Amino acid sequence: MPTILAVTEQRQGALRKVSLEAVAAARMIADSLGATVDALILASGPVDGAAGLGVAGADRVLTATHDGFGLYNPDGYAATIASIGRGYAAIVFTASATGRDLSPRVAAKLKTACATDVTALAVEAGKIVATRPVYAGKAIQKLVLGGSPAILSVRPNTFAPVTTDKAGTPGVLAVPAFAQRVTVTEIKAPPQAALDVTEASIVVSGGRGLKEPANFKLVEDLAAAFGSAAVGASRAVVDAGWREHGAQVGQTGKTVAPSLYVAIGISGAIQHLAGMRTSKVIVAINKDKDAPIFKVADYGIIGDLFEVVPRLTEAIRKLKAE
Amino acid sequence: MKIAVCLKRVPDTTAKIVVGEDGKSIDETGVKFVPNPYDEYALEAALALKEKAGTGETVVYSLGGDSCQETIRTALAMGIDRGVLLQSPGSPDGFEVAQALAAELGAGGFDLILFGKMAVDDYNHQVGLMVGELLGLPAISAVSGLSIDGATVRAEREIEGAVEVVTCSLPAVITTDKGINTPRLPSLKGIMSAKKKPLESKPVALGAGAVTVAGLSLPPERQAGRIVGEGPDAVTQLVALLRNEAKVI
C-alpha cells in the first residue's frame, strides 16, 4: 500500500498548527490513492501536541530525535527525510519559512522537483495534480507531479485541519549520519511576539492613507481588538520604511489567505490585490470611492479612516467584551 | 572574492496577466519584462561585497531565451563584471533548472553563489537551495540580513513571528529576501560601459523533468462586494454583517 509522508514542524518543543494542515493535505491525497499517512516529527525531545497527530489524520507518527534538532537543522532534517523518502508516494511539507527551505533540499537529494505553495490537490489517473497560484495569485497553475516521490508544500491557512479516527501509532526513525554545513544558532524574537500575516486568521493592513508611520497605531489597535490578528502593510509604506518588510502583503511581499482581511487606507494596486485576493472576506475602508480595493472588497466603507477606524475598533472591543 | 549571481527575467509586477493560446503559459504580448526583484537584492549584495573586499569578480548567469541578454545588460549596468546566458526555453521543473545551473556554476570556483529567494513569476522558491545541494555547498535561503567576515557567513532569515540566525562557511549559496539591502539603480556611465562588458551565450539542454504544467488559468473574479455606507456611522452595520452574514467575528 502506498504511503504519504507529512513533515510536521515544531518550535521550542511545541508542534506548530501548520503541521496539522500538512497532515490534512497528506490525508486527502492518501484517501484518494487508498494510501496511509505517516507524520514525521523532527526534534531534540518530546513535542507537545504530537499525540494529536492521529486524530489529525496520521496512521503512524514517526519521531526522529537528535540533540541537534531542537532548532531547525537544514542539513540534518533533509538527510533524515531523504533517507526514507524513496519509500513514499508523496512527501507533504508546509510552505512556511522552514518548509520552503527544507522541501527543495529534500527534493534535490531525491533528484526531483517540488511544487511550492499548493492551494488545492487532486488525484487524476493515479497522479497528484497540484493547483498553485503563480504571478502572486494573478494566475493559477495546475501542475502534474510525476516525481517519485511527489514533493509539495501546502500554503498555510489553506488546508483546514481534519478530525479522523486514525491511530497515530508511534514509531521511531533513526537519524542518519549527515554533514552539517549550515547551523541555526538562535531564534531572535521581535520586541513583541508578532503574529505572522501568512498564518493569522485575521489580517489588518494599512497603507499610504494613514499619512504617517505613527498613525499605524490605529491599525495595531484594531488588530489588538480582534484578539489574534496580524498587522500587514502595503508595499508603498514598507518601501517608505514605515513597517518591516515581513509585514508586506503583495507580489513582492507575502500572499495571505485569512478568513478576514481589513484594508485600511490601501488603494489596491494590482500587486497588492494579488497578495490578498484569496482572503475569505475582505473589508475596505478608504476615502476614495473609486479605489480599486472596493472591486474586490466584500464590504466597503467610504470615509475618512481617522474617523471610521477608531469607531470600528471600539465596536469590536465592545463585541469581544460581551 | 569571486561571486556569481543567478538572474531571471520575469514580467513586471504591475503587468496584467493574460493566458496564452496554449492554455499553459502567459501571453507575452505587450508585457514588460524586468529582472526578478528578489534577484536585484542578490546583485546588490554581490556588488557591495566585492566593493568591500576591494578585489574580485562578479558574474551574472541567466537561463532563458535570447531576450535575457537585455536583463543581463541591466545587471552589467549596475556594475556586475560579466554575463553568461544559458540559452534554454526553461522548465517548470525546478530541479532541471538547478541541474543546468549547478553544472555551469560548479566549475566556476565561486566563493559565493547568490540567487533571489524566488522568482515572482513561477513562485518556485527552490532553485538556489537545490544548486547548493547539488554542489554540496552550505545553503541559506531567504536571507534578509547578511554579514561575511573572512570565510564566516552570518545570515538572518525571517521566520513566522521571529528571526532565525544561521551561520556557515564560504563557499556557500545564499538566496536573498527583501530587507537585505536597497538595490542601486544603473548609472548613465554604468549603462554605457555595460555595452562593452563580456556577455557569453551558450545553449544548455534541460531534461524532461518530473513536473509538467497541465494548465494556467485566471483566478475566479471576486464578486464585487457592496458599499456598506459612508463615514463612521456605517460601522454598526459593518460589524453586524461581519458577525451575522459573513460569520467571521
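From a predicted model like this one, the values you see are computed outputs, not experimental measurements. (Residues numbered from 1 in each chain as written. Chains lettered and ligands numbered in written order. Predicted model: local features only at pLDDT ≥ 70, side-chain atom pairs only at ≥ 80, totals over all residues.)

**Quick word on the overall build of chain B**
Inference 1: Summing up its helical and strand segments, chain B has six helices and 13 strands in all.
Inference 2: Projected onto the principal axes, the alpha-carbon positions of chain B cover approximately 65 × 45 × 40 Å.
Inference 3: Taken over 249 residues, chain B has a buried fraction of 48%. (Helix = DSSP H or I, 4+ residues; strand = E, 2+ residues; numbered from the N terminus. Buried ≥ 20, exposed ≤ 12 C-beta atoms within 10 Å, placed from the backbone.)

**Some words on the overall build of chain A**
Inference 1: In terms of regular secondary structure, chain A is built from eight helices and 18 strands.
Inference 2: Taking 20 Å as the expected radius of gyration for a compact globule of 322 residues, we find that chain A reaches 21 Å, a close match to that expectation.
Inference 3: If you line up chain A on its principal axes, its C-alpha atoms span 60 × 45 × 40 Å.
Inference 4: Out of the 322 residues belonging to chain A, those deemed buried represent 59%.
Inference 5: Counting contacts in chain A only where the partners sit at least 6 residues apart, residues at least 24 apart contribute 65% of the total. (Rg over C-alpha atoms; globule rule 2.2 N^0.38 Å. Contact = placed C-beta atoms within 7 Å.)

**Thoughts on the interface of chain B and chain A**
Inference 1: Taken residue by residue, the interface counts 73 residues in chain B and 78 residues in chain A.
Inference 2: Considering only residue class, the side of chain B that touches chain A consists of 42 nonpolar, 19 polar and twelve charged.
Inference 3: Sheet topology places strand β10 (residues 139–145) of chain A next to strand β12 (residues 211–217) of chain B; six bridges connect them, and they run antiparallel. By the bridge assignment for β12 of chain B, I140 of chain A is matched with S217 of chain B. (Nonpolar A, V, L, I, M, F, W, Y, C, P; charged D, E, K, R; others polar. Pairing = 2+ DSSP bridges.)

**Side note on the packing of helix α8 (residues 305–321) of chain A against helix α6 (residues 235–245) of chain B**
Inference 1: Their axes nearest at 9 Å, the elements α8 of chain A and α6 of chain B cross at an angle of 45°. On the basis of the axis angle, α8 of chain A is oblique to α6 of chain B. For the element pair α8 of chain A and α6 of chain B, the recorded crossing hand is right-handed. Residues V308, R311, L312, A315, I316 and L319 of chain A of α8 of chain A touch α6 of chain B, and the partners they reach there are V235, T236, L238 and V239 of chain B. (Axes fitted to C-alpha atoms, helices over the stretch in contact; angles between N-to-C directions. Parallel < 35°, antiparallel > 145°, perpendicular 65-115°, else oblique. Left-handed = near helix turned anticlockwise from the far one by under 90°.)

**Re the environment of N181 of chain B**
Residue and element names in this part refer to chain B.
Inference 1: Position of N181 relative to the elements: it lies in the loop between β10 (172–176) and α5 (188–194).
Inference 2: Note on N181: 18 C-beta atoms within 10 Å, which makes it partly exposed.
Inference 3: Beyond its immediate chain neighbours, meaning those up to four positions away, N181 contacts Y41, E44, A45 and A48.

**So, the confidence of the model for chain B**
Inference 1: Confidence along chain B averages 96 in pLDDT terms, with 100% of residues attaining 70 or more.
Inference 2: Confidence metrics for the complex model read pTM 0.93 and ipTM 0.95. (pLDDT = per-residue confidence, 0-100.)

**Let's talk about the sheet that holds strand β11 (residues 199–203) of chain B**
Inference 1: The strand order across the open sheet built from ten strands is β13(A)-β9(B)-β8(B)-β7(B)-β10(B)-β6(B)-β1(B)-β4(B)-β5(B)-β11(B), with neighbouring strands paired in mixed fashion. The two strands at the open ends of the sheet, each matched to only one other strand, are β13 (182–188) of chain A together with β11 of chain B. The sheet shows a mean angle of 30° between the axes of neighbouring strands, direction not considered.
Inference 2: By the bridge criterion, six bridges tie β13 of chain A to strand β9 (residues 162–169) of chain B in an arrangement that is antiparallel. Bridge pairing in β9 of chain B links K188 of chain A to V163 of chain B.
Inference 3: The strands touched by helix α3 (residues 97–109) of chain A within the sheet are β7 (139–149) and β8 (152–159) of chain B, with β8 of chain B carrying the most contacts at an inclination of about 125°.
Inference 4: On the sheet, helix α3 (residues 94–105) of chain B packs against β1 (2–6), β4 (57–64), β5 (82–87) and β6 (112–116) of chain B and is oriented at approximately 150° with respect to β4 of chain B.

**Structural notes on the packing of α3 of chain B against helix α4 (residues 127–135) of chain B**
Residues and elements named next belong to chain B.
Inference 1: Contact geometry for α3 and α4: axes closest at 8 Å, N-to-C directions at 50°. For the element pair α3 / α4, the angle class is oblique. Along this stretch, α3 crosses α4, giving a crossing that reads as right-handed. Between α3 and α4, the contacting residues are G94, F95, V97, A98, Q99, L101, A102 and L105 on the first element and V127, M130, V131, L134 and L135 on the second.
Inference 2: Counted by class, the contact of α3 with α4 contains eleven nonpolar, two polar and no charged residues.

**Observations regarding the sheet that holds strand β8 (residues 120–124) of chain A**
Within a sheet, adjacent strands bond to each other through the backbone by hydrogen bonds, running parallel or antiparallel.
Inference 1: The antiparallel open sheet is built from four strands, whose spatial order is β8(A)-β9(A)-β10(A)-β12(B). The sheet is open, and its two borders are formed by β8 of chain A together with β12 of chain B, each paired with just one other strand. If you compare each strand with its neighbour and ignore which way they point, the axes differ by 25° on average.
Inference 2: Pairing analysis gives seven bridges linking strand β9 (residues 127–134) of chain A to β10 of chain A, with the strands arranged antiparallel. The residue bridging A130 of chain A from the neighbouring strand is L143 of chain A, located in β10 of chain A.
Inference 3: Docked against the sheet, helix α1 (residues 17–33) of chain A engages β8 and β9 of chain A, running at close to 15° with respect to β8 of chain A.

**Topic: the nonpolar core**
Inference 1: Core analysis: the largest hydrophobic core is formed by 190 residues, its most contacted members being A6 and V92 of chain A together with V5 of chain B.
Inference 2: If one sorts the elements of this core by residue count, α1 of chain A sits on top with ten residues. (Core = buried A, V, L, I, M, F, W, Y, C linked by C-beta atoms within 7 Å.)

**Quick look at α8 of chain A**
All names here are of chain A.
Inference 1: For α8, with 17 residues, the first-to-last C-alpha span of 24 Å sits near the 24 Å given by 1.5 Å per residue.
Inference 2: All of the buried residues in α8 are L305, V308, V309, L312, T313 and I316. Seen end-on, α8 carries its buried residues on one side only, within an arc spanning 130°. Projecting away from the buried face of α8 at angles above 90 degrees are the exposed residues K318 and A321. (Expected span 1.5 Å × (residues − 1). Arc of directions from axis to C-beta.)

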